[in-house]
Amino acid sequence: MFLRIISKTAKSKLYTLNLFLFLAIISSFAQNLNNEDLIESFKDYFQEPRELVYTHINKSVFIKGETLAYTAYVLDKNDKRLSKLTTNLYCSIEDESGKTIKSTLVLVNEGVANGNIFIDSLFTSGNYKFKSYTNWMKNFEEQNFYLQSIKVIDSDVENNMTAKVISPKIDAQFLPEGGHLITGTENNIGAVFKDELGFGIPNLEGRLVNDNNDVVTIFNTNHLGIGKFSFTPIGLAKYKVIINFEDTEQEFNLSTAELYGITISIKNIYNKETIGVEINTNENTLKSIRKKKYKLTIHNGSEFKYIDIEFANDLKIIKYLKYTDLNPGINIFTLFNENNEPIIERLYFNYEGINLIKTNKISFKKAIDSTEVVLAFKDIDSTIQNNFSISVLPEDTISYNHHSNIISSAYLQPYVKGFIENASYYFTDINRSKQFELDNLLLTQGWSSYNWQTIFNNPPKINYDFEFGISFKATVNNSKTLKFILYPSTFNHLEIFEISDNKNTFEKEGLFPFDNDKINLSEIKKNDEVKKSNVFVQFYPSKVPGIENYDKTLPLKENVYFDSDLLQPLLTTSWKEYEQLAEVLIEVNKTQDKFEKLQKSIYGQVDIFDDNKRKTYIDFASYLRSRGYTVNQMNNEFKITDNRSSSGNKSPIVYIDNREVFDNELSFYNMDIIDYIVLDKSGFGQGFRGAGGVIKIFTDYRLLYKNNPEMRTFQEFEIPLTFSKPKTFYVPKYSSYQNRFYKEYGVVQWLPKKSIDEKGNISFKIRNQEESNIKLFIEGMANNGSFISETKILNIN
């Protein structure tokens, strides 16, 4: 057997992909098999790189007044590593009608982003969808974005909820392996049984019977409602499956077998680390396909391989492949006939080559008010980027019901048409039984998410840009000025734009403004005079785009209820109070960050001013008096004395913006533009003159323009869409930590971005409550492509 391999190329600047003998192989392929169309179509369809995103949400059932917190991991779809180039990620929540309730733009750094959304008065009890995606993903038909159902409960409206009652009617699907049921040859049939909500019905027994009601075979389903049976249809005989469920017998007819066709079957040969790909046909078909050249292709959206297939006199062809010959993760087997037409397809999952991480040990140290938890890992290189997100909930929680984890989102879900119930099940505590169950699942999936008709005829058209921050285009209105200034801000440096005589526009990309940030522009006249510009500015993107690609998901599978005697409030703080608290804390944090940065580089005591503090003092003299100085401000004299100074010279030196000033300049000095003041009573660096200490005033003249717009020499622009800065996650306070509500819906902690320290540990603290056991839901990446997805229970008594 000769296994030919073709690797796709990419022209895009986003990624560089290896070219694996592509031109030589195309030449060989074309000369020997006349397959130019197939190869070119595959190359064209997959030449543009894809991203995919997984988003770890702290839970899936939220009480109105709580915060939905998340960490997003954006990956290169091909090599499954964190994207180094992606910056813009959109997150939204939609209601059941598809209306967007909230949406936001978050900044991706080294492939990771985090954020939060308040579940506030815009929400009512019901089911919602959380989406995360990039603009680039909109160019592709397959679902590379993340989609998760969540539920919101408004406890003011519903304080007694019961499980939903549904019909016992079964939705049954019988899917032949490869897609066709062929008479006169053995067929493997995947059986899926679902309830009216779309969830699998567990542990059913089915009987396959023929026209005479003779039992042909008996099979069972697993806990997800998936089963498998094999049989050889005879002619055009009728077959049906009988199921006993909820004391009722339900019958389902199988489609009549086809007289002509080919089947495919994949068999695991575990002891040899090999699979057997079995191609079967019947006598009727063999007569018409003998000596014709078929090919079995294998691809995963990146690597393309094929095997020559030719029927001679046998009804069965078996090709053996080692796991190492396959792609890690999904492998799409497609059989093409002599006209390059796909006739059957089968998905197979190869666990080999997927790098998984596990915690080595979990320990804790309990103090009076908090407990420190330490997660120990082995074989993780702390010098290589790693990120772990951890949701900590009570052990008995029923509010964490995500269908997917980071591994299933990277390796499985994007490659199938349907939505997989509890996909994370196949990637936790992996064993041979789960591998068998995943293979049964894939047997039922039929064709992959890549449509060959689309691959042949409609390669992706790049209509949506790969975004890099926020861009703007400025159009000059009725001005002969050729030079403009973009002023520095928290997200950009000062930049000067010069335009030619025949041009009236200039552009800038790669801005990363947060929240209420603005940009300021001025024009520079020929005499170097700076004046307010007169330009029209357009920003891109200017709003959160929607994503209308194929939308597949399942609702949450859970029973939601409250104790009927719960009369006290569930949360002790309302959502409005949380928002107000968050706003205050954001401002406090901004001030604290600024204080810490200044304090590290400046001698003396730093006093940072905000609008409230500026209004507190009538003038500079009143501020100094509040700090223990004596100030004489009479008859145009201004004298400062520090009576607590032990030196002979008790008057400090005063600077404004690093310029020494004298007494009369400070008389009745207004505080409107004070940014911060440094009080250094040691007089460090001033020699004997500094014996009385030093006072340094730093101003911000933008405050003057803020209060007096007519004085501005710049044109200010609000940015219609900015990045949302992640807010600190605050654990709600509950009215009780002993009732069923807290144990099933409460929150202990959320940790969005944790990294391994040099000892290979992750440590964090949780507040001590009355509960003894907690459950940790851990997702993350390390070692340039290794994944972790674990659930751990910790008894902290």
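In what follows, the accompanying structure is described. (Residues numbered from 1 in each chain as written. Predicted model: local features only at pLDDT ≥ 70, side-chain atom pairs only at ≥ 80, totals over all residues. Heavy atoms only, no water.)

1. What about the packing of aromatic side chains?
Given two aromatic rings, one states the distance between the centres and the angle between the planes to describe the pair. Quick note on the threshold: Working definition: rings of Phe, Tyr and Trp (its six-membered ring) pair if their centres are within 6.5 Å, and the pair is stacked with planes under 30 degrees apart, edge-to-face with planes over 60 apart, and tilted otherwise. The numbering of helices and of strands both runs from the N terminus, where a helix is a DSSP run of H or I of at least 4 residues and a strand a run of E of at least 2. Burial here depends on accessible area, computed with a 1.4 Å probe over protein chains only, as a share of the maximum for the residue type. Under 20% is buried, over 50% is exposed, and the range in between is partly exposed. Put simply, a charge is over a ring when the Lys NZ or the Arg CZ is close to the ring centre, within 6 Å, and near the line of the ring normal, within 35 degrees.
One pass over the full model with this rule turns up 48 aromatic pairs. Taking 5.3 Å as the distance between ring centres and 35 degrees as the angle between the ring planes, the aromatic pair formed by Phe 377 and Phe 388 counts as tilted. Taken as a pair, Phe 377 in strand β25 (residues 370-377) and Phe 388 in strand β26 (residues 387-394) lie far apart in primary sequence, eleven residues in all. Of the residues examined, Phe 377 reaches a relative accessible area of 7% and is grouped as buried. Members of the aromatic cluster, connected to one another through ring pairs, are Phe 174, Phe 193, Phe 219, Phe 229, Phe 231, Tyr 239 and Phe 252. The cationic tip of Lys 434 hangs over the ring face of Tyr 425; the distance from NZ or CZ to the ring centre is 4.3 Å. Here the basic side chain of Lys 681 rests over the ring of Tyr 629, its NZ or CZ set 4.9 Å away from the ring centre.

2. Some remarks on unusual backbone geometry
The omega torsion of the bond from Tyr 540 to Pro 541 falls at -15 degrees, within 30 degrees of zero and hence cis. The phi torsion at Asn 213 lies on the positive side, around 65 degrees, for a residue other than glycine. Although it is not a glycine, Lys 291 adopts a positive phi angle of roughly 75 degrees. Taking the relative accessible area as the measure of exposure, Lys 291 reaches 56% and is therefore exposed.

3. A short note on the pattern of salt bridges
Where we set the bar: Think of a salt bridge as a Lys or Arg side-chain nitrogen and an Asp or Glu carboxyl oxygen that are within 4 Å of each other.
A full pass over the atoms with the stated rule returns 20 salt bridges. The partner of Glu 94 in a salt bridge is Lys 131, and the shortest N-O contact between them spans 3.3 Å. Here Glu 94, found in strand β5 (residues 88-94), pairs with Lys 131, found in strand β8 (residues 126-133); they are 37 residues apart in sequence, far enough to count as distant. Judged by relative accessible area, Glu 94 falls into the buried class, the value being 11%. Assessed through its relative accessible area of 2%, Lys 131 is described here as buried. Taken together, the salt bridges that share partners define one network made up of Arg 50, Lys 77 and Glu 142.

4. Some details on the nonpolar core
Note the following rule: By nonpolar core is meant a set of buried Ala, Val, Leu, Ile, Met, Phe, Trp, Tyr and Cys residues that side-chain atoms within 4.5 Å join together. Between two residues, a contact is recorded if the distance between any of their heavy atoms is within 4.5 Å.
Counting 92 residues, the largest nonpolar core has Phe 349, Leu 412, Tyr 426 and Phe 472 as the members making the most contacts within it. Sort the elements by how many residues they give to this core and strand β4 (residues 67-76) lands first, with six residues. Leave out the neighbours within four places in its chain, and Phe 349 touches Gly 329, Ile 330, Ile 354, Tyr 411, Leu 412, Phe 427, Leu 438 and Leu 442. Core analysis: the second largest hydrophobic core is formed by 37 residues, Phe 741, Tyr 742, Tyr 745 and Ile 788 among them.

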